[in-house]
Amino acid sequence: LASCSSARSVYRGFSFPRMDLDALSGFKDPIAALDEEDADKAAAAEEQDARAKAEIVHIRVQQRNGRKCITTVQGLNQDLDLKRILKVIKKQHCCNGTVVDADAEGKNMGEVLQLQGDQRANVNKFLVDNELHPADKIKIHGHG
């Protein structure tokens, strides 16, 4: 092995450039960089899928006791004033209702409208007529 002061090391007649510790600190693994790019692309695709799913409004009816049921509306844009929307629907269709914060209950659904009775058709018509949400992005669940 040649002396440490030379810029090249010689071993068995072959000459190799000598490595110093500063050169090792700047080493970047090309495969790790590809993994990071793939992770970023996957995260962006997942975020886009979540946004697309969030655009769908779900109108469900849930059976309570006996003949009683409630209608829930989930997925409305959070920029809308849900209390004002609820006030208008309650007045138009003679029913009671409330805005429930489902995030506080441990469910990641945002704010949900709850209305007494089966109001699925009424809520759907209201959202479409007032152009609050497009008709093709509203999904109605439940019986009957």
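Below: a short report on this structure. Predicted, not measured: the structure shown is a model, and the values here were computed from it. (Residues numbered from 1 in each chain as written. Predicted model: local features only at pLDDT ≥ 70, side-chain atom pairs only at ≥ 80, totals over all residues. Heavy atoms only, no water.)

### As for unusual backbone geometry
Then, in step 1: The phi dihedral of Cys94 falls on the positive side, at around 50 degrees, and the residue is not glycine.
Then, in step 2: Within the secondary structure, Cys94 is located in the loop between helix H3 (82-93) and strand E5 (97-101).
Then, in step 3: Judged by its relative accessible area of 72%, Cys94 is exposed. (Helix = DSSP H or I, 4+ residues; strand = E, 2+ residues; numbered from the N terminus. Buried < 20%, exposed > 50% of the residue type's maximum accessible area, 1.4 Å probe, protein only.)

### Remarks on helix H4 (residues 120-129)
Then, in step 1: Those residues of H4 not exposed but buried are Arg120, Val123, Phe126 and Leu127. The buried residues of H4 occupy one face: seen down the axis, they fall within an arc of 135 degrees. Pointing more than 90 degrees away from the buried face of H4 are the exposed residues Ala121 and Lys125.
Then, in step 2: Of the surrounding secondary structure, the elements contacted by the buried residues of H4 are strand E3 (57-63), strand E4 (69-74), H3, strand E6 (111-116) and strand E7 (138-140). (Arc of directions from axis to C-beta. Contact = heavy atoms within 4.5 Å.)

Just geometry here; none of it tells us what the structure is for.
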